[in-house]
Amino acid sequence: MLILTCPCCGVTGEETEFHGGGEAHLKRFGPGSSEGEFHDYLFSKVNPKGVHLERWRHNNGCGKWFHAARDTVTMEIYGTYPAQTTEPPQDIRDAITAKRPGWSWREFA
Amino acid sequence: MSNMVSALNGASAKGFVEVRDMGLQGMITLRGDLNAAKLKKAARAVGGADMPEQGHISLGDTGGAAWMSPDELLVLVPYTEVDARLSEIAKAMGDDHHLAVNVSDARCMFGVSGDDALVREALAKLMPVDLSARAFQPGQFRRSRMAQVPAALWMQAEGEARIVCFRSVAQYVFDLLKGATSPGSEVRYLAR
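Residues numbered from 1 in each chain as written. Chains lettered and ligands numbered in written order. Predicted model: local features only at pLDDT ≥ 70, side-chain atom pairs only at ≥ 80, totals over all residues. Heavy atoms only, no water.

The name given to chain B in an unreviewed UniProt entry is Sarcosine oxidase subunit gamma, and the organism recorded there is Pelagivirga sediminicola.

An unreviewed UniProt entry lists chain A under the name Sarcosine oxidase subunit delta, with Pelagivirga sediminicola given as the organism.

This is the structure we're talking about:
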């Protein structure tokens, strides 16, 4: 059971109050991109063992989207941060590094 | 004019605490920039209560205002005055970006009353929320789920909870509450 804190309304709730929205920080490849890029944008998602950055929605609450950094092995939530970011903020990175030194996720480390 | 009734027309059930449909309640969804002075002023005037803090509800004599999300308030007003209050909001907000809609007939409100600890215990069976008296106090407002449907909850007073849910699931929520309060099903975790 994951315990998430919504950064929009400040509510700390358990998993069933939220809904997972898949991988975070996707870069869109639309018109003008190659077929390979578009394919990867649509289908090539990471499925890491360990640190994972995801989108979540507080669907039984304030209804807002946000980002969460969690560990797929220990089910620990390193932190949540607003959806209006293109990369994880420094405090989230520090929290992950404290538990998992040398971690990396896509282009972030 | 047609006879307006709430979803369950005042149904009630008496278990170890009492559950009842609260009847017609005027509700206005007010969305916009909650930090804007104009919106704060309009919400105060229409709801007849102070602007609620994040995660809280403020209640006045005839209504109140609840904090739904960073850009949304639920304003409680008497059912018959909704249209008048809506035009008040429109006048107060002018051209400023906002949304005010009458949602009175899209929602329904339940009351659960009785011994404070038993009321909390009945609701805790249905919602993934810490309902201990220390964690959830009168004045706090929590949107969550009740079994399988979204619901919002606050304590009107000690031993007096209010629940707002969608009208379409009114019977479902009533049956849930009725089951959770059926005599003999006390958990005796919060209530000793």
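S.K.: Is there a simple way to think about the sheet that holds strand S6 (residues 77-82) of chain A in this case?
M.R.: Strand pairs in the sheet, formed through backbone hydrogen bonds, run parallel or antiparallel to each other. All names here are of chain A. Taken in spatial order, the four strands make up an open sheet running S3-S4-S5-S6, and their pairing is antiparallel. Only two strands of the sheet have a single neighbouring strand rather than two, namely strand S3 (19-23) and S6. Averaged over all pairs of adjacent strands, the angle between their axes in this sheet comes to 30°, without regard to strand direction. Direction of pairing for strand S4 (residues 51-57) relative to strand S5 (residues 65-71): antiparallel, over a ladder of seven bridges. Within S5, the position partnered with Arg 57 by the bridge is Trp 65. (Pairing = 2+ DSSP bridges. Helix = DSSP H or I, 4+ residues; strand = E, 2+ residues; numbered from the N terminus. Axes fitted to C-alpha atoms, helices over the stretch in contact; angles between N-to-C directions.)

S.K.: Honestly, the domain arrangement of chain B in this entry has me stumped. Any pointers?
M.R.: By a widespread convention, an interface's size corresponds to the accessible area lost as its parts come together. Residues and elements named next belong to chain B. Structurally, chain B comprises domain 1 (12-20 + 107-180) and domain 2 (26-105). A straight line from the C-alpha centre of domain 1 to that of domain 2 covers 23 Å. Every contact between the two is made by 11 residues of domain 1 and, on the other side, 16 residues of domain 2. In total, domain 1 and domain 2 occlude about 1100 Å² of area from one another, counting both sides; carbon and sulfur atoms represent 62% of this. Among the residues of domain 1 in contact with domain 2, Arg 107, Phe 141 and Arg 143 are the three that bury the most area, contributing 56% of the side total. For the pair domain 1 and domain 2, the interface holds zero salt bridges. (Domains from an automatic or database assignment. Contact = heavy atoms within 4.5 Å. Buried area = accessible area lost by both parts, 1.4 Å probe. Salt bridge = Lys/Arg side-chain N within 4 Å of Asp/Glu carboxyl O.)

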